Amino acid sequence: MPTYLGQNQYGKAENRVVKITRDGTTHHIKDLNVSVSLSGDMDEVHYSGSNANVLPTDTTKNTVFAFAKEHGIESAEQFGIHLARHFVTSQEPIRTARIRIEEYSWERIETPGEGEHSFVRQGQETRLAQITYDGSSWEVVSGLKDLTVMNSTNSEFWGYVKDEYTTLPEAYDRILATEVSSRWRFNWSDDAQQAPDWEESYAQVKQHMLLAFAETYSLSLQQTLYAMGARIIDHRGEIDEVRFSLPNKHHFLVDLKPFGLKNDTADGAVYYAADRPYGLIEATVLRDGCEAKIPVDLTNL
């Protein structure tokens, strides 16, 4: 039966690079996990094994470290842009470069002595960026994962469909908690456009996300998700699309009646935090007139 080669790509995954910048006795850290994926005129290496068009993955690894020194790491997005541009413009067979980056944050440990060179790893979230370049246009998608948030009140869940298998009681004062995984797509796509301030944009998007979560009186996690996405779109003109994957971190009231105890939310209740199974709420929020481009399954982004 005849066969032919479909979509293909190759590169070096998970290059861990830590860049220390010294400003006198004050040091700054950028800690990245960089994955490079290249595609283009690669049919022959699959059909005959000819490596004539193949830039070794070891070379892509070396490039990541060399660029960290040569260009520094201003932001995850800008570093990815430098890399993607290099691979597409320096290697004729390469048509498209995709750079995926995870960034791990460090917080400075303030000490009474001289020098600022001690840090503790921050545990709030992992910052994400994906940069794709085809030689003429850019697609930049930023994001985060593992950002756990909770509202201890101002959340309800009632009025839902009930059938013979429904046992969940309606809730008029519940804990709402989730671990946010989100991606947002920028409308910057051309070198002729002014690029966003990537660091400022990330900080502001996260802040709007958190404020929307905190300020929304929630009747469903879906409602909260939409409020978070809409606030980002409304306040950040450089962003056209936001995608969320929100697992519902369920907290169930513990039945303390066997012990003669009343477990009432109004008095400050005791909950059982269940890790699985969990509800999984996912949706995209778009600027009016824009097309969705972020994959539905964020595990593939």
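Cut-off values and rules
Residues numbered from 1 in each chain as written. Predicted model: local features only at pLDDT ≥ 70, side-chain atom pairs only at ≥ 80, totals over all residues. Heavy atoms only, no water. Helix = DSSP H or I, 4+ residues; strand = E, 2+ residues; numbered from the N terminus. Contact = heavy atoms within 4.5 Å. Pairing = 2+ DSSP bridges. Axes fitted to C-alpha atoms, helices over the stretch in contact; angles between N-to-C directions. Core = buried A, V, L, I, M, F, W, Y, C linked by side-chain atoms within 4.5 Å. Buried < 20%, exposed > 50% of the residue type's maximum accessible area, 1.4 Å probe, protein only. Phe/Tyr/Trp six-rings, centres within 6.5 Å; stacked < 30°, edge-to-face > 60°. Lys NZ or Arg CZ within 6 Å of the ring centre and 35° of its normal. Polar contact = N/O pair within 3.5 Å; in protein donor to acceptor, adjacent residues only side chain to side chain.

S.K.: I keep staring at the side chain of Thr-60 and nothing clicks. Help me out?
M.R.: Here Thr-60 lies in helix 2 (residues 57–70). Aside from chain neighbours lying at most four places away, what touches Thr-60 is Lys-12, Val-36, Leu-38, Leu-55 and Phe-87.

S.K.: Please explain the sheet that holds strand 7 (residues 138–151) as it appears in this structure.
M.R.: By way of backbone hydrogen bonds, the strands of a sheet pair with one another, either parallel or antiparallel. Within the open sheet, the 8 strands sit side by side as 1-2-3-6-7-8-9-12. Their pairing is antiparallel. Edge strands, defined here as strands with exactly one partner in the open sheet, are strand 1 (15–23) and strand 12 (280–286). Between one strand and the next, the sheet's axes are offset by a mean angle of 20°, whatever the strand orientation. Bridge count between strand 2 (residues 26–40) and strand 3 (residues 94–104): 10 bridges; the pairing is antiparallel. Counterpart to Leu-32 in the pairing with strand 3 is Glu-103. Each of strand 1 and strand 2 touches helix 2; the most contacted strand, strand 1, lies at about 15° to it. Lying on the sheet, helix 3 (residues 76–90) is in contact with strand 2, strand 3, strand 6 (126–133) and strand 7; it crosses strand 3 at an angle near 160°.

S.K.: I would appreciate a short explanation of the nonpolar core in the present structure.
M.R.: Inside soluble globular proteins, nonpolar side chains tend to come together where they are buried. Counting 53 residues, the largest nonpolar core has Val-34, Phe-79, Val-180, Trp-184, Met-209 and Phe-244 as its most contacted members. With 7 residues, helix 3 is the largest single contributor of residues to this core.

S.K.: Honestly, the pairing of strand 7 in this entry has me stumped. Any pointers?
M.R.: In this structure, strand 6 lies alongside strand 7, joined through 8 bridges in antiparallel fashion. When the sheet's bridge partners are listed, Leu-128 is paired in strand 7 with Gly-143. Bridge count for strand 7 against strand 8 (residues 176–186) is 9 bridges, and the pairing is antiparallel. In the strand pairing of strand 8, Thr-148 is matched with Glu-179.

S.K.: Where do I start with the packing of aromatic side chains in this structure?
M.R.: Each aromatic ring pair is described using two quantities: the centre-to-centre distance and the angle formed by the ring planes. For the structure on display, the rule yields 7 aromatic pairs. Each ring, one from Trp-158 and one from Tyr-172, has its centre 5.7 Å from the other, and the planes form 25°; the classification is stacked. Here Tyr-172 lies in the loop between strand 7 and strand 8 and Trp-158 lies in the loop between strand 7 and strand 8, a separation of 14 residues in the sequence. For Trp-158, a relative accessible area of 43% gives the class partly exposed. Residue Tyr-172 is classed as partly exposed on the basis of its relative accessible area, which comes to 47%. Here Trp-188 and Trp-198 contribute two aromatic rings whose centre-to-centre distance is 5.8 Å and whose plane-to-plane angle is 80°, an arrangement assigned as edge-to-face. Taken together, the residues Trp-188 in the loop between strand 8 and helix 4 (198–215) and Trp-198 in helix 4 connect sequence positions 10 residues apart. The structure contains a cluster of three or more aromatic residues connected by ring pairs, namely Tyr-133, Trp-138, Phe-186, Trp-188 and Trp-198. Lying over the aromatic face of Tyr-202, Arg-127 brings its terminal NZ or CZ to 4.4 Å of the ring centre.

S.K.: Is there a simple way to explain the pairing of strand 3 in this structure?
M.R.: Taken residue by residue, a regular strand's side chains alternate between the two faces of the sheet. Of the pairings in the sheet, the one linking strand 3 to strand 6 comprises 7 bridges and is antiparallel in character. Paired with Arg-100 across the strands is Gln-130, a residue of strand 6.

S.K.: Would you mind going over the side chain of Ser-245 with me for this structure?
M.R.: Residue position: Ser-245 is located in strand 9 (residues 239–247). Residue class for Ser-245 comes out buried when judged on its relative accessible area of 11%. At a separation of 2.8 Å, a polar atom in the side chain of Ser-245 contacts the side chain of Glu-282. Dropping the residues within four chain positions of it, Ser-245 is found in contact with Glu-179, Val-180, Ser-181, Leu-280, Ile-281, Glu-282 and Leu-298.

S.K.: Please explain unusual backbone geometry as it appears in this structure.
M.R.: For residues besides glycine, phi is generally negative; the peptide bonds are generally trans as well. A cis amide bond links Arg-276 with the next residue in sequence, Pro-277, at an omega value of -5°. Examined against the element boundaries, Pro-277 turns out to sit in the loop between strand 11 (271–273) and strand 12. Backbone geometry places Glu-14, a non-glycine residue, at a positive phi of 55°. Position of Glu-14 relative to the elements: it lies in the segment before strand 1.

S.K.: What should I look at first to understand the environment of Glu-44 in this one?
M.R.: Within the secondary structure, Glu-44 sits in helix 1 (residues 43–47). Once the C-alpha coordinates of Glu-44 and Val-54 are considered, the two residues, 10 residues apart in sequence, prove to be 9.8 Å apart. If near-sequence neighbours (up to four positions away) are discounted, Glu-44 is found in contact with Gly-49 and Ser-50.

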